[in-house]
Amino acid sequence: MPFEGIGASVRRKEDARFLSGRGNYTDDINRPGQLHAFIRRSDRPHARINSIDTTAAAKAPGVVAVYTGADMAADNVGGLPCGWQIHNKDGSPMAEPPHPVIAVGKVRHVGDPVAVVIADTKQAAKDAAELIVIDYQDLPAAASLRDAVASGAALVHDDVPGNICYDWHIGDKAMIDAAFAGAAKVVKLDLTNNRLIPNAMEPRAAVGEFDGHSGDYTLYTTSQNPHVIRLLMGAFVLHIPENKLRVVAPDVGGGFGSKIYHYAEEAIVTWAAGKLRRPVKWTAERNESFMSDAHGRDHDSTAEMALDANGNFLALRISTLANMGGYLSTFAPCIPTYLYATLLAGVYKTPLIYCEVKAVFTNTVPVDAYRGAGRPEATFLLERLVDACAHDTGMDRVAIRRQNFIAADAFPYQTPVALQYDSGNYQATLDGCLKAADYAGFEGRRAAAAARGKLRGIGVSTYIEACGIAPSAVVGSLGARAGLYEVANIKVHPTGSVTVYTGTHSHGQGHETTLAQLVCEQLGVPIEQVDVVHGDTAKIPFGMGTYGSRSLAVGGTAMVKAMDKIIAKGKKIAAHLMEASVDDIEFKDNKFTVAGTDKVKSLTDISLAAYVPHNYPIDELEPGLDETAFYDPKNFTFPGGCHIAEVEIDRDTGIVEVVNFVAVDDVGRVINPMIVEGQVQGGVAQGIGQALLEHAVYDSSGQLLSGSMMDYTMPRADDLPNITVATETTLCTHNPLGVKGCGEVGAIGSPPAIINALVDALKAYGVRHIEMPATPQKLWSIIQGGAPRMAAE
Amino acid sequence: MPQVTLTVNGKQHTVEVENRTLLVELLREKLGLTGTHVGCDTSQCGACVVHVDGVSAKSCTMLALQADGTSVLTIEGLAAADGALHPMQEMFREHHALQCGFCTPGMVMSAIDLVNSHPQGLTEKQIREGLEGNLCRCTGYHNIVKAIAAAWPLMHGRAAAAE
Ligand code: FES
Ligand code: FES
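Residues numbered from 1 in each chain as written. Chains lettered and ligands numbered in written order. Predicted model: local features only at pLDDT ≥ 70, side-chain atom pairs only at ≥ 80, totals over all residues. Heavy atoms only, no water.

Draft legend 1. Looking closely at the domain arrangement of chain B. Residue and element names in this part refer to chain B. When the domains of chain B are assigned, the result is domain 1 (3-75) and domain 2 (87-155). Using only C-alpha atoms to locate each centre, domain 1 and domain 2 end up separated by 21 Å. At the interface, 18 residues of domain 1 touch 14 residues of domain 2. Summing both sides of the interface, domain 1 and domain 2 together bury roughly 1200 Å²; the carbon and sulfur share of this comes to 61%. A per-residue breakdown of the area domain 1 buries against domain 2 is headed by H37, H51 and I75, which together make up 40% of the total. Across the domain 1-domain 2 interface, the total number found is zero salt bridges. Between domain 1 and domain 2 we count seven residue pairs in polar contact (both at pLDDT 80 or more) in total. Among the secondary structure elements, those contributing two or more residues to the side of domain 1 that touches domain 2 are β3 (49-52) and β4 (55-58). Along the lines of polarity and charge, the residues of the side of domain 1 that touches domain 2 split into eight nonpolar, nine polar and one charged. (Domains from an automatic or database assignment. Contact = heavy atoms within 4.5 Å. Buried area = accessible area lost by both parts, 1.4 Å probe. Salt bridge = Lys/Arg side-chain N within 4 Å of Asp/Glu carboxyl O. Polar contact = N/O pair within 3.5 Å; in protein donor to acceptor, adjacent residues only side chain to side chain. Helix = DSSP H or I, 4+ residues; strand = E, 2+ residues; numbered from the N terminus. Nonpolar A, V, L, I, M, F, W, Y, C, P; charged D, E, K, R; others polar.)

Draft legend 2. How the structure looks around the nonpolar core. The biggest cluster of nonpolar side chains holds 191 residues, and the ones touching the most others in it are Y421, F661, L758, L762 and I770 of chain A together with F92 and I148 of chain B. What Y421 of chain A contacts, discounting residues up to four positions off in sequence, is A345, G346, I406, F411, P412, Y413, T415, Y426, I464 and F638 of chain A. Judged by nonpolar contacts, the second largest core, of 47 residues, contains A488, L518, I573 and L737 of chain A. (Core = buried A, V, L, I, M, F, W, Y, C linked by side-chain atoms within 4.5 Å. Buried < 20%, exposed > 50% of the residue type's maximum accessible area, 1.4 Å probe, protein only.)

Draft legend 3. Fine view of the side chain of R456 of chain A. Position of R456 of chain A relative to the elements: it lies in strand β18 (residues 454-464). Among the polar contacts listed, one links the side chain of R456 of chain A to the side chain of E648 of chain A, at a separation of 2.5 Å.

Draft legend 4. Up close: the confidence of the model for chain A. Mean pLDDT over chain A stands at 96; residues scoring 70 or higher make up 99%. With pLDDT under 50 throughout, residues 787-793 of chain A is counted as low confidence; its partners more than four residues away or in other chains account for 14 contacts. (pLDDT = per-residue confidence, 0-100.)

Draft legend 5. Just empty space enclosed by the protein, in detail. Residues and elements named next belong to chain A. Here the structure, examined in full by the defined rule, presents eight cavities of 30 Å³ or more. Considering the residues around the second largest cavity, the lining is formed by 25 residues, among which L80, H99, Y263, S292 and P366 are closest to the centre. When contributions to the lining of the second largest cavity are tallied by element, the ones reaching two or more residues are α8 (264-276) and α9 (286-292). Within the lining of the second largest cavity, the residues separate by chemical class into 14 nonpolar, seven polar and four charged. Two domains each provide a minimum of three residues to the lining of the second largest cavity, namely domain 1 (31-139 + 201-254 + 259-292) and domain 2 (299-469 + 635-785). (1 Å grid on protein atoms, 1.4 Å probe; cavity = no way out; pocket = protein on both sides within 12 Å on 5 of 7 lines; lining within 4 Å. Points joined across faces, edges and corners; volume = space filled by probe spheres on them.)

Draft legend 6. Representation of the side chain of R195 of chain A in the model. Residues and elements named next belong to chain A. Inspection of the secondary structure puts R195 in the loop between β8 (185-193) and β9 (205-211). Residue class for R195 comes out buried when judged on its relative accessible area of 3%. At 3.0 Å, the side chain of R195 forms a polar contact with the side chain of D298. A polar contact is formed between the side chain of R195 and the backbone oxygen of V365, at a distance of 2.7 Å. Sequence-distant contacts of R195, that is, excluding residues within four places in its chain, are made with H295, G296, R297, D298, N323, T364, V365, V367, H695, A696 and Y698.

Draft legend 7. Main features of the domain arrangement of chain A. Residues and elements named next belong to chain A. If you check the domain split of chain A, you get domain 1 (31-139 + 201-254 + 259-292), domain 2 (299-469 + 635-785) and domain 3 (485-631). A C-alpha centroid distance of 40 Å is found between domain 2 and domain 3. Opposite the 21 residues of domain 2 that make contact, domain 3 presents 18 residues. Summed over both partners, the interface of domain 2 with domain 3 comes to about 1300 Å²; 65% of that surface belongs to carbon and sulfur atoms. The largest contributions to the domain 2 side of the interface with domain 3 come from I469, I671 and L737, which together make up 37% of the buried area. Seen at the junction of domain 2 and domain 3, the total is zero salt bridges. On the surface where domain 2 and domain 3 come into contact, there are eight residue pairs in polar contact (both at pLDDT 80 or more). Of the residues assigned to the side of domain 2 that touches domain 3, the class counts are nine nonpolar, eight polar and four charged.

Draft legend 8. Quick peek at the sheet that holds strand β2 (residues 47-53) of chain A. Residue and element names in this part refer to chain A. With respect to topology, three strands assemble into an open sheet ordered β4-β2-β6, the strand pairing being antiparallel. Either end of the sheet is taken by a strand with one partner, and the two such strands are β4 (106-107) and β6 (133-138). Across two bridges, the pairing between β2 and β4 is antiparallel. Considered in β4, the bridge of A47 is made with V107. (Pairing = 2+ DSSP bridges.)

Draft legend 9. View of the interface of chain B and chain A. Between chain B and chain A, the contact holds 47 residues from the first and 53 residues from the second. Between chain B and chain A lies a buried interface of about 4200 Å² when both sides are counted; carbon and sulfur atoms form 51% of it. A salt bridge links R28 of chain B to D28 of chain A; its shortest N-O distance comes to 2.7 Å. At the surface where chain B touches chain A, the tally comes to 33 residue pairs in polar contact (both at pLDDT 80 or more). For the side of chain B that touches chain A, the secondary structure elements donating two or more residues are α1 (23-30), α2 (87-94), α3 (104-116), α4 (124-130) and α5 (142-156) of chain B. Among the elements that line the side of chain B that touches chain A, the one with the most residues is α2 of chain B, at four residues. Its residues placed into classes, the side of chain B that touches chain A shows 16 nonpolar, 17 polar and 14 charged.

Pasting the structure below:
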């Protein structure tokens, strides 16, 4: 058989169905007797609801029911819970205001659900929703971070003073202040991290169903983690015990974090299905995605680096405002703290780091993890600051990085911000990337571009990230309300084919292939005989889903452990059948052999004997070859690497062309190089989108201006370059596969590479920093000597 | 309610629709052909692209009534009767041009029209510009561009013309 194990670019098993229109996405699911929900959303950023008159809507053709927040409250429906609790500097817990499924009393952002109409058809529901009369009393809005923290700002939640969710910090401020006082040089940079809208191509959707005979509920939903939804919605919102609630996340068309969270619509359709005894379906229109999917990023920071006279980093001091939006989304509080501040050491041996973060409520859509989640924010800040250090000290950008790198022999390396890196080699990824990007030859290309009237620049970013989420005890001590281990159940069937039940979820990552490759590798079963099942709480023991590049490092390791158990049991059965001692049985390439003899039994011989035996040690051993393993990682994994971008700016228009992009990443052992390359390319595309095109913009009243794909610039094929991807591997030391994760590196490393390249291209104009997205207008203004010429020095 | 008669993937259907029913709604909801997707509401994403009388069209931007008397090809009708994939489908798989698969049906249908309409050859730039109407959030397009370039010689039965 062709080699299909670890390291092979096996073509994907899932592609045949996706390429033939046989995917099964949530909106493709239609249940008998199904009704359709349409949600009337707030068009006000901030308002008191004086009254809601649903009379006309309820009488409209085809309408079965109209519900408001009051109906849900009367039914004892709980609020949407938050999964992470952060503590303030003084040790008190964060402010955690209620998040009703449907707004009660007040709306807090454009898009906040106010009522739901349920009707025979979607069109009937939508038509009727127009007939709901809502009497609002508009309130002043806190539309941006700066507005929300200004004195006298409107309060998003009446009982949260100053709109501060928490005021958190990490590090020893006094020590750091002292280091700054004694430093030869201090480099300061103010910067924002632009707010993004994830825009997975599949809009969110949910179908709720209630079985009147059994009393069982089923929810089909566009989720990255169906078990988490079952846990949160069952326990906190609808009070349905887990034995009565099945959550299915079928094929899901991209997530990028936005489909992790438990959303209102999931609870609405499930609850309404129970009340009406009929299935209820809801599918977002894209405009609803813009105003109800959790947004990403949105930081406002001041960063300072203290250096000695030789350019060594002495201390880093950061102050960040992080936008939470109108309510706390499921994981929101941990993103700008434990997934952000703990990454601020980056790839550098900076000995002292202090970071304070104020999380702020605003009258905007909730903000939560989006591809990279906290780590892109940390990386952008750090890699821009390092370039500013080079700029201000006159040092070379590559040299200052190299000089401050954590040495390749310094692992395990304890950072000053809690994390301990297990492995890495930042020199190797930097060298590999400089070479692949022909960094040495750049000045020639710059001159050639200048001759064509173009401004050419090159930018380097060297980054680290933490993924493989997460060591449960560690995250528990940091405020996570659940552990984050993973589960695998592996069944070897009587005739030797294998089904893997994994608690991770694939929404583009290709798990049906890569996880099957692990089985090929370890059990020697051909890939066409391996099926990977995910996304159904009725089939899979448990699982925390897929985000934070955890599926292979955590879920894959659970599989390895389950297969270890299968081999151990298989050896006992083989020993019995071949009348040998267990200790003499070896397993390799699908075969059990007795050491030093030619006795052999295939895995199929053993699986058949395990299920339908004539001759089996039934007194000593349970029949069957079906094992489950749980795995709790010992540490995060730490992919890292170097991205280099080369850009050309048109002098007359400010239009940027990314002429070359090279990513050399260390993602640990690579299971499927083709898939890794695709993951990195996709991540880089989103990073380039953030750097050049994408921006969720609210006006000062809190209206979302970039509320459609006509207003929010999604990267298109002709906006992007070819993306060269290579890997330089150091193995993760604490999981048996040595894997680290590749889902987010592209989006983490790339934005600063692009902005560093633009600043380089414009260095003749005295530019030190450019905020994202670097639109043609911004660049054109700089070239014209216009407004954003010099950032604060 | 008005009726439309149209051929979809070689099979004739007569369907009752509202005046406002979109072609994509007819395909997905009336005919159960859920391979054609809806990714936006502003005609931006191309997840809904099908062929109408041999030319790619955004089925979210066409009324079902406008499709009366036409022949529509969707992703479900692309493979040969024996199940053999169309060369574009093959090349998408070979070059890993899909991840979540949601944009894929529209992307493949657009790509086929793009190749068909460029018998003289297709440069990378032309491919990238030709995909203006199709969004993919997963792949970064790199592999989609490669797949289309690789499908061109297969579909035109000759080696790719030099750029
Ligand atoms: S659904 Fe987006 S263009 Fe048709
Ligand atoms: S493959 Fe997911 S949107 Fe293109």
